[in-house]
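Take a look at the letters that make up each chain.
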Amino acid sequence: MNGVEEVVDLSSIRLIGTAVTPAVMVSACGIVATGLDNQIARMTARIREMVREWRLLPEGHARRAVLRQEVAILDRRHAILARAIAFTYTALLAFVMTSLLYLTKRQTQLPEALPVVSFSVGVLLLGATALLVLASLRLSRRAIKLERQELFD
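The rules we used
- Residues numbered from 1 in each chain as written.
- Predicted model: local features only at pLDDT ≥ 70, side-chain atom pairs only at ≥ 80, totals over all residues.
- Heavy atoms only, no water.
- Helix = DSSP H or I, 4+ residues; strand = E, 2+ residues; numbered from the N terminus.
- Rg over C-alpha atoms; globule rule 2.2 N^0.38 Å.
- Buried < 20%, exposed > 50% of the residue type's maximum accessible area, 1.4 Å probe, protein only.
- Contact = heavy atoms within 4.5 Å.
- Areas by Shrake-Rupley, 256 points an atom, 1.4 Å probe, with all protein chains shown as cover.
- Lys, Arg positive; Asp, Glu negative; His and termini not counted.
- Charge placed at Lys NZ, Arg CZ, Asp CG, Glu CD.
- Core = buried A, V, L, I, M, F, W, Y, C linked by side-chain atoms within 4.5 Å.
- Axes fitted to C-alpha atoms, helices over the stretch in contact; angles between N-to-C directions.
- Parallel < 35°, antiparallel > 145°, perpendicular 65-115°, else oblique.
- Left-handed = near helix turned anticlockwise from the far one by under 90°.
- Nonpolar A, V, L, I, M, F, W, Y, C, P; charged D, E, K, R; others polar.

Concerning the overall build of the protein
Here is step 1: Helices and strands together make up the secondary structure of the protein, namely four helices and zero strands.
Here is step 2: The linear arrangement of helices and strands in the protein, starting from the amino end, is α-α-α-α.
Here is step 3: Here the protein has a C-alpha radius of gyration of 24 Å; the compact-globule value for 153 residues is 15 Å, and the former is much larger.
Here is step 4: The principal-axis extent of the C-alpha atoms belonging to the protein is close to 85 × 30 × 20 Å.
Here is step 5: Buried positions account for 27% of the 153 residues belonging to the protein.
Here is step 6: Taking as baseline every contact in the protein between residues at least 6 positions apart, the subset at least 24 positions apart corresponds to 76%.
Here is step 7: Working note: accessible area of the protein is about 10000 Å², and carbon and sulfur atoms make up 65% of it.
Here is step 8: In the protein, the 19 positive side-chain charges and the 13 negative ones have mean positions that sit 7 Å from each other.

If you want it as structure tokens, here you go:
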């Protein structure tokens, strides 16, 4: 034995590595999507609680105005996170496509850049997801400030 090259075909190892990397990203997307889904579910429940509270308060009660503002903020956050979860699932599909493109590369005449483009689309979508989550957090702070202002004013 003169070296590893005789035992293992290095091009096969590279192919496996390039096919597995997007698969790891698929798992990451699944974790992110689960977290976003949990946030959306909690937000939906919170909106329902706030609307129920609003309905029980008498007309003209000061708390009703605060609840109305907070529900509007939560509605915007919900829309932002719904877009984020859509981006995450689209990124997941891009990573699956990347893996499939790498796995079929030897049998088909695909352009060399196609799997790279597919992977890059997935990465960009995850970046967009992160920006949307940051926007959602900013809105969350606005809702907390409203509660704090009501409590201390």
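Concerning the nonpolar core
Here is step 1: The biggest cluster of nonpolar side chains holds 19 residues, and the ones touching the most others in it are L36, I73, L74, L81 and I85.
Here is step 2: Those elements that provide at least two residues to this core are α2 (10-56), α3 (62-104) and α4 (114-152).
Here is step 3: Broken down by element, this core gets its largest block of residues, eight residues, from α3.
Here is step 4: Core analysis: the next-biggest nonpolar cluster, separate from the first, contains five residues, C29, A91, L92 and L125 among them.

Quick word on the packing of α3 against α4
Here is step 1: The N-to-C vectors of α3 and α4 enclose an angle of 165°; their axes lie 8 Å apart at closest approach. One finds that α3 runs roughly antiparallel with respect to α4. The element α3 and its partner α4 pack so that their crossing is left-handed.
Here is step 2: For the contact of α3 with α4, a count of residues per class yields 27 nonpolar, nine polar and eight charged.

Things to note about the side chain of T98
Here is step 1: With respect to the secondary-structure elements, T98 resides in helix α3.
Here is step 2: In this structure T98 touches P22, P115, S118 and F119, once residues within four positions along its chain are discounted.

Remarks on the environment of K105
Here is step 1: Structurally, the position occupied by K105 is in the loop between α3 and α4.
Here is step 2: Residue K105 is classed as partly exposed on the basis of its relative accessible area, which comes to 24%.
Here is step 3: In this structure, the C-alpha to C-alpha distance between K105 and I144, residues 39 residues apart in sequence, is 52 Å.

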